[in-house]
Amino acid sequence: MKHPDSIYYTEGVSGQRKFTFEVFREADGSYRAVAARWNARVNKVVEQTQFTAPDKAGLREQPYPATRQVKIFLNSGFWDDHNV
């Protein structure tokens, strides 16, 4: 079984909190995005939400949390045609 490929990752720290956002390409071609909030002091996930989509268009339409990492992702070069 092939593991999903991580194709996008960003993180940021604000005080005692760390926020990460990662996108995976699944073996079947679909996408899975994971938004997580961490306790930066002990490096432990406090909250994590996953989003799935069959294609890039569906990935863009997800109800993501309003974090800086999501905003960076939505404005990134990930959406360019040359990226899969």
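Below, the structure is looked at part by part.

The rules behind these values
- Residues numbered from 1 in each chain as written.
- Predicted model: local features only at pLDDT ≥ 70, side-chain atom pairs only at ≥ 80, totals over all residues.
- Heavy atoms only, no water.
- Pairing = 2+ DSSP bridges.
- Helix = DSSP H or I, 4+ residues; strand = E, 2+ residues; numbered from the N terminus.
- Phe/Tyr/Trp six-rings, centres within 6.5 Å; stacked < 30°, edge-to-face > 60°.
- Salt bridge = Lys/Arg side-chain N within 4 Å of Asp/Glu carboxyl O.

Brief notes about the pairing of strand S1 (residues 5–14)
Consecutive side chains along a regular strand alternate between the two faces of the sheet. Looking at chain direction, S1 and strand S2 (residues 17–25) are connected through 9 bridges and run antiparallel. Looking at S2, one finds that Val13 is bridged to Lys18. The hairpin turn running from S1 into S2, its antiparallel successor, is 2 residues long, and Gly15 in that turn takes a positive phi close to 65°.

Concerning the packing of aromatic side chains
One pass over the full model with this rule turns up 10 aromatic pairs. Relative to Phe78, the ring of Tyr8 lies with its centre 6.4 Å away and its plane at 70°, an arrangement referred to as edge-to-face. With a gap of 70 residues between them, Tyr8 in strand S1 and Phe78 in the segment after helix H2 (68–74) connect regions that are remote in the sequence. Chaining the aromatic ring pairs together yields one cluster made of Tyr8, Phe21, Tyr31, Phe51, Tyr64, Phe73, Phe78 and Trp79.

Section: the pattern of salt bridges
For the coordinates displayed, the defined rule picks out 2 salt bridges. Ionic pairing is found between Arg32 and Glu26, a salt bridge with its closest N-O pair at 2.7 Å. Arg37 serves as the salt-bridge partner of Glu47, at 3.0 Å between the closest nitrogen and oxygen. Within this pair, whereas Glu47 is found in strand S4 (residues 44–53), its partner Arg37 is found in strand S3 (residues 31–39), the two being separated by 10 residues in sequence.

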